Amino acid sequence: MNEERDGDAAAAAARHARYGRLPGRIRFEEMTEGVEAGPNGGVRASCAPEGAWKYYACLALDLGL
């Protein structure tokens, strides 16, 4: 039983020597960022349904079918 504890302690010491310690915790406030929205609500382009086919990839159109 003592041999297992010695082996576990040696393994833990080897891991600590190799990897060190884990980085510190990051607070939730440090992970979020508040950004003011613009007057248009984030929409930059208008929708044009008649010209929308130009912007989508279609294998049939690429092959000329």
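Thresholds, definitions, all that
- Residues numbered from 1 in each chain as written.
- Predicted model: local features only at pLDDT ≥ 70, side-chain atom pairs only at ≥ 80, totals over all residues.
- Heavy atoms only, no water.
- Helix = DSSP H or I, 4+ residues; strand = E, 2+ residues; numbered from the N terminus.
- Buried < 20%, exposed > 50% of the residue type's maximum accessible area, 1.4 Å probe, protein only.
- Areas by Shrake-Rupley, 256 points an atom, 1.4 Å probe, with all protein chains shown as cover.
- Salt bridge = Lys/Arg side-chain N within 4 Å of Asp/Glu carboxyl O.
- pLDDT = per-residue confidence, 0-100.
- Patch = residues over 30% accessible without salt bridge, like charges linked within 9 Å, V, L, I, M, F, W, Y side chains within 5 Å.

*Asks:* Break down the overall build of the protein chain for me, with residues and values.
*Replies:* Secondary structure summary: the protein chain contains three helices and zero strands in total. Taken from N to C terminus, the helices and strands of the protein chain fall in the order α-α-α. Taken across its 65 residues, the protein chain has 2% of its residues classed as buried. With an accessible surface of roughly 7,000 Å², the protein chain has 56% of that area assigned to carbon and sulfur atoms.

*Asks:* Outline the pattern of salt bridges, listing residues and values.
*Replies:* One pass over the structure, following the stated rule, counts one salt bridge. For Arg 27, the salt bridge goes to Glu 29, with nearest N and O atoms at 3.6 Å. As far as the burial class goes, Arg 27 and Glu 29 line up, both exposed.

*Asks:* Kindly report on the confidence of the model for the protein chain, identifying the contributing residues and their values.
*Replies:* Here the protein chain shows a mean pLDDT of 76. Residues at 70 or above account for 63%. Ranking the elements of the protein chain by mean pLDDT puts helix H3 (residues 59-62) last, at 72, and helix H2 (residues 28-31) first, at 88.

*Asks:* Lay out a nonpolar patch on the surface with the relevant residues and their values.
*Replies:* A cluster of nonpolar side chains, contributed by Ile 26, Phe 28 and Met 31, occupies part of the molecular surface with about 370 Å² of accessible area. For Met 31, the location among the structural elements is in helix H2.

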